[in-house]
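Results of the structural survey
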Amino acid sequence: MKEKFDTLITAKKNPFKLNIRETVKYKDLIWLFVQRDFKTKYKQTILGPLWFIIQPLLTTFIFTIVFGQIARLSTDGVPQFLFYLAGNVPWLFFSACLTHTSSTFYSNARLFGKVYFPRIVSPISTVITCFFNFLIQFVMFLLIDIVFILIGASAKITLYALLFPLLILQLGLLGMSVGIIISSLTVKYRDLQVLVGFGVQLLMYLSPVVYSVSSIPNSTLRNIILLNPVTPSIEFLRIGFLGSGSTPWIYLAISFCVTLVLAFFSVVVFNKTERNFIDKI
Amino acid sequence: MEERKIAVKTEGLKKEYRLGVISGGTLQRDIQSFWARMRKKEDPNTKVNSERHNKNEKFVALDGINLTVYKGERVGIIGKNGAGKSTLLKLISRITSPTEGSIGINGRVSSMLEVGTGFHGELTGRENIYLNGAILGMSKAEVDSKIDKIIEFSEIEKFIDTPAKRYSSGMYVKLAFSVAAHLDSEIMIMDEVLAVGDLAFQKKCLDKMGDVSREEGRTILYVSHNMDTIRRLCDRCIVLEKGKIIYDGDVEKAILCYEKC
């Protein structure tokens, strides 16, 4: 076209373009989506926000019984409840990011079909909601951790704890990237959506949530588990807040690289999908 | 004559849909088709079952639309069901992308293809105003400055702090429309939204829309089957048939043309 326009819509679009400036304009919408999710989640429940911490406490309690008391898995000398909680809280964050973003297109189809805003707003607000959820749970963990340390349990907070923001960023980005890729692929084939539910559950057993990497006897298996991009971050969080275990830095570096590659890939897939998905879903 | 500013311009706009089930239905067929495309060969799945309305038969919803809308125009779009009215609005509001051609837009677009998009039943009327406003492209500060006017316009002050799920459908529509009526965007796109709500409120909304358009030079694209609302609001009208523009110009003549075809 000869004339100049603010917005030009054409049949093709650059798949590598992340429309950051436009997304920033919608920051109020991101924030309102987060508020909506928080406000509506526990409406008309008696315990309300307490549910945020009941869930991890209950699962950790069951883990303690099953894996601690019955299976008697090693916890590197750390009190069992504390050990499982330290793995469970970041795991729940990762899995929530993944499962909730994986239904982005599917569950927002009605909204996306009626009004335009940068579609990336939805997964971003989902991840922010998950993050606040996690923060509440993490504060709870930290308090329990400090109580355990004060009564003389064998746990200590080390300098590695300073890695916390980086590790959480990695887990969130990884969960979101995988979730976005799945949501883009499920526009056409719904199979993956079925897989996500129990796939995440299975992945938990391949991540050091109920055991520590150092307790894996077989060295090949240990290396495989270490290559799971969720593993190093959970292990380093344990080193930081419980002072237990040790993981070579190289695996942390690998998991960061994998995360960045997946994030890049997810942007490409998302861009390609968002343009026409409404005709296909 | 001074040069008028273009608000929306489309060139050779085309949108195709495939008939029947989307995709080959099986991954195997999709891979076959993809592989054929890669080698620039003919899609092996094209010819199968060509008797029925099959997936590879194309339906052209819009067939080369060239339309220039100037700033401040209130354009009515009429045509039979399936003529491509809604598809045109969807393309301009960026809900789906064109198969061919391009659209240039100057200014912010707000589309109301449905009343109350994104309303959440558990949130109160007030909270929904903020949410709906943001979805339609308003910032929080903008809503803040207009919230009193919006609530007043909606005529449901009494229920504004009650969850929207307890609203009657009329209240719902009134609230949703009030938000939309207070948008600041330069271009408004509306699809049959006024069909709901009582007559008095419809009239109030139309007048409000017309007023802002005249005073602030806002551009409106309006689809409706109700010729009275078209007459009341629009100063230009286009008639679509089978994805093509068959008339463009005066409102009364357009309505006559639509009634004949």
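Residue positions are counted from 1 within each chain, in the order its sequence is given. A letter from A marks each chain and a number from 1 marks each ligand, given out in the order of writing. Whole-chain, interface and lining totals are the exception, using all residues; otherwise, since this is a predicted model, local features are given only for residues with pLDDT of at least 70 and side-chain atom pairs are given and counted only at 80 or more.

**A look at the overall build of chain B**
- Runs of E in the DSSP output that reach at least two residues are strands. Runs of H or I that reach at least four are helices, and both are numbered from the N terminus. When you go through chain B residue by residue, the secondary structure sums to 8 helices and 9 strands.
- Out of the 261 residues belonging to chain B, those deemed buried represent 42%.
- In this description, any two residues whose backbone-derived C-beta atoms lie within 7 Å of each other are considered to be in contact. By sequence separation, contacts in chain B at least 24 residues apart represent 72% of the contacts at least 6 residues apart. Any residue with 12 or fewer other C-beta atoms within 10 Å of its own C-beta is exposed, any with 20 or more is buried, and the rest are partly exposed; the C-beta atoms used are placed from the backbone.

**With respect to the overall build of chain A**
- In terms of helices and strands, chain A carries 12 helices and 1 strand.
- Going residue by residue from the N terminus, the α and β elements of chain A occur as β-α-α-α-α-α-α-α-α-α-α-α-α.
- A principal-axis box enclosing the C-alpha atoms of chain A has dimensions of 75 × 50 × 35 Å.
- Counting only residues that meet the buried cut, chain A has 39% of its 281 residues in that class.
- Contacts in chain A between residues at least 24 apart in sequence constitute 80% of all its contacts with a sequence separation of at least 6.

**A closer look at unusual backbone geometry**
Residues and elements named next belong to chain B.
- At Arg94, a residue that is not glycine, the phi angle is positive and equals roughly 65°.
- If you check the backbone angles, Lys242 has positive phi at about 50° while not being a glycine.
- Among the structural elements, Lys242 can be located in the loop between strand 8 (236-241) and strand 9 (244-249).
- Of the residues examined, Lys242 has 14 C-beta atoms within 10 Å and is grouped as partly exposed.

**Some thoughts on the pairing of strand 6 (residues 187-191) of chain B**
Residues and elements named next belong to chain B.
- Of all 5 residues in strand 6, 5 are buried, a share of seventy percent or more.
- Where burial is concerned, the two faces of strand 6 agree: the one with Ile187, Ile189 and Asp191 and the one with Met188 and Met190 are both buried.
- We treat two strands as partners when DSSP finds at least two bridges between them. By the bridge criterion, 5 bridges tie strand 6 to strand 7 (residues 219-223) in an arrangement that is parallel. Its bridge partner being in strand 7, Met190 is matched across the sheet by Tyr222.

**A look at the environment of A:Phe5**
- With respect to the element layout, A:Phe5 can be found in the segment before strand 1 (7-10).
- In this structure, the C-alpha to C-alpha distance between A:Phe5 and A:Pro232, residues 227 residues apart in sequence, is 48 Å.
- Contacts of A:Phe5, omitting those with residues within four sequence positions, involve B:Gly104, B:Ile105 and B:Asn106.

**Here we look at the pairing of strand 4 (residues 100-105) of chain B**
- Relative to strand 4 of chain B, strand 1 of chain A runs antiparallel, the two sharing 4 bridges. Bridging from a neighbouring strand, A:Ile9 pairs with B:Ile103 of strand 4 of chain B.
- Examined bridge by bridge, strand 1 (residues 6-18) of chain B and strand 4 of chain B share 5 bridges and lie antiparallel to one another. Directly across from B:Lys9, in strand 4 of chain B, lies its bridge partner B:Gly104.

**Describing the sheet that holds strand 7 of chain B**
All names here are of chain B.
- Here we have 6 strands laid out as an open sheet, ordered 5-6-7-3-8-9, and mixed in their pairing. Unpaired on one side and paired on the other, strand 5 (109-112) and strand 9 mark the two borders of the sheet. Going from strand to strand, the sheet's axes swing by 15° on average, the running direction of each strand aside.
- Helix axes use the C-alpha atoms of the stretch in contact, all axes being lines fitted to C-alpha atoms, and the angles between their N-to-C directions lie in the range 0 to 180 degrees. Lying over the sheet, helix 8 (residues 251-260) contacts strand 3 (74-79), strand 8 and strand 9, oriented at roughly 20° with respect to strand 8.

**A word on the packing of helix 8 (residues 164-185) of chain A against helix 11 (residues 231-242) of chain A**
Residue and element names in this part refer to chain A.
- Put simply, helix 8 and helix 11 touch, their axes get as near as 10 Å, and they point 155° apart. Classified by the angle between their axes, helix 8 and helix 11 sit roughly antiparallel to one another. Between helix 8 and helix 11 lies a crossing of left-handed hand. Together, Phe164, Leu167, Gln170 and Leu171 of helix 8 and Ser233, Phe236, Leu237 and Gly240 of helix 11 make up the contact between the two elements. The labels follow the angle: roughly parallel below 35 degrees, roughly antiparallel above 145, roughly perpendicular from 65 to 115, and oblique for the rest. The handedness criterion is simple: a crossing whose near helix is rotated anticlockwise from the far helix by less than a right angle is left-handed, and one whose near helix is rotated clockwise is right-handed.

**Some remarks on helix 2 (residues 85-92) of chain B**
Residues and elements named next belong to chain B.
- Burial analysis of helix 2 places 7 of its 8 residues in the buried class, which makes it a mostly covered element.
- Of all the residues in helix 2, the buried ones are Lys85, Thr87, Leu88, Leu89, Lys90, Leu91 and Ile92.
- A positive phi of about 65° marks Arg94, the residue just after helix 2.

**Section: the sheet that holds strand 2 (residues 58-70) of chain B**
- Pairing in this open sheet of 4 strands is antiparallel, and the strands run 1(A)-4(B)-1(B)-2(B) from one edge to the other. Looking at strand neighbours, the two that pair on one side only are strand 1 of chain A together with strand 2 of chain B, the edges of this open sheet. For this sheet, the mean angle separating the axes of adjacent strands, direction not counted, is 15°.

**Description of the interface of chain A and chain B**
- Taken together, the contact pairs 29 residues of chain A with 37 residues of chain B.
- Put simply, the parts of the chain that give the side of chain A that touches chain B at least two residues each are strand 1, helix 2 (27-41) and helix 12 (249-280) of chain A.
- Counting residues per element, the side of chain A that touches chain B draws most heavily on helix 2 of chain A, at 6 residues.
- Taken together, the residues of the side of chain A that touches chain B break down into 13 nonpolar, 5 polar and 11 charged. Just so you know the grouping, Ala, Val, Leu, Ile, Met, Phe, Trp, Tyr, Cys and Pro go in nonpolar, Asp, Glu, Lys and Arg go in charged, and all remaining residues, Gly too, go in polar.

**Concerning helix 6 (residues 199-216) of chain B**
All names here are of chain B.
- Given a rise of 1.5 Å per residue, 18 residues ought to cover 26 Å, and the 26 Å separating the end C-alpha atoms of helix 6 matches this to within 8%.
- Of all the residues in helix 6, the buried ones are Gln202, Cys205 and Met209. The buried residues of helix 6 all sit within an arc of 70° when viewed along its axis, so they share a single face. Structural note: helix 6 exposes Leu199, Ala200, Asp207, Asp211, Arg214 and Glu215 on the side pointing more than 90 degrees away from its buried face. A helix is expected to span 1.5 Å multiplied by its residue count minus one. To obtain the arc, one takes the directions from the helix axis to the C-beta atoms.

**Describing the packing of helix 2 of chain A against helix 3 (residues 125-135) of chain B**
- Interaxial distance between helix 2 of chain A and helix 3 of chain B falls to 9 Å at its minimum, and their mutual angle equals 140°. When the axis of helix 2 of chain A is compared with that of helix 3 of chain B, the two are oblique. When you trace helix 2 of chain A past helix 3 of chain B, the crossing you get is left-handed. For the pair formed by helix 2 of chain A and helix 3 of chain B, the contact residues are A:Asp28, A:Leu29, A:Leu32 and A:Arg36 on the first element and B:Tyr130, B:Leu131, B:Ala134 and B:Ile135 on the second.
- The class makeup of the residues in the contact of helix 2 of chain A with helix 3 of chain B is 6 nonpolar, no polar and 2 charged.

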